[in-house]
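Chain by chain, the residues:
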Amino acid sequence: MKAMTRQQIACYAGVTVKTLSNWCRPYRQELEALGLRPGMVVLPPNIVKWITDKFCIDIPE
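Note that the coordinates shown come from a computational prediction; the quantities given were computed from them, not determined experimentally.

Draft legend 1. Layout of unusual backbone geometry. Positive phi, close to 50°, is recorded for C56, a residue that is not glycine. For C56, the location among the structural elements is in the segment after α4 (45–54). What makes C56 exposed here is its relative accessible area of 72%.

This is the structure we're talking about:
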């Protein structure tokens, strides 16, 4: 997994960034524990992996 922006993840999921954010909102504390901070532009690989696994988003290698 590589670092990605929220926009890139949303594009692979076929949704808007706002929808992706709404999906992640209930898991905010868990994501913060992984290192997510407000205003992060590029998400680190561990957070990208968590989001793609949680919401079954297929990211080609």
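Draft legend 2. Examining the state of the cysteines more closely. Under the counting rule described, the total for this entry stands at 0 disulfides. Not part of a disulfide, C11 finds its nearest cysteine sulfur in C24, a span of 16 Å. The closest cysteine sulfur to the non-disulfide-bonded C56 is located on C24, 13 Å from its own sulfur.

Draft legend 3. Structural detail: the packing of aromatic side chains. Here the structure, examined in full by the defined rule, presents 4 aromatic pairs. With a centroid separation of 5.6 Å and an interplanar angle of 35°, the aromatic rings of W23 and F55 are classed as tilted. One end of the pair, W23, is in helix α2 (residues 17–24); the other, F55, is in the segment after α4, with 32 residues separating them in the sequence. Plain terms: the ring middles of Y27 and W50 are 5.5 Å apart, the flat faces sit at 65° to each other, and that makes the pair edge-to-face. Of the two residues, Y27 sits in the loop between α2 and α3 (28–34) while W50 sits in helix α4, which places them 23 residues apart along the sequence. Residue Y27 is classed as partly exposed on the basis of its relative accessible area of 27%. Under the relative-accessibility criterion, W50 is labelled buried at 16%.

Basis of the calculations
- Residues numbered from 1 in each chain as written.
- Predicted model: local features only at pLDDT ≥ 70, side-chain atom pairs only at ≥ 80, totals over all residues.
- Heavy atoms only, no water.
- Helix = DSSP H or I, 4+ residues; strand = E, 2+ residues; numbered from the N terminus.
- Buried < 20%, exposed > 50% of the residue type's maximum accessible area, 1.4 Å probe, protein only.
- Disulfide = S-S within 2.5 Å.
- Phe/Tyr/Trp six-rings, centres within 6.5 Å; stacked < 30°, edge-to-face > 60°.

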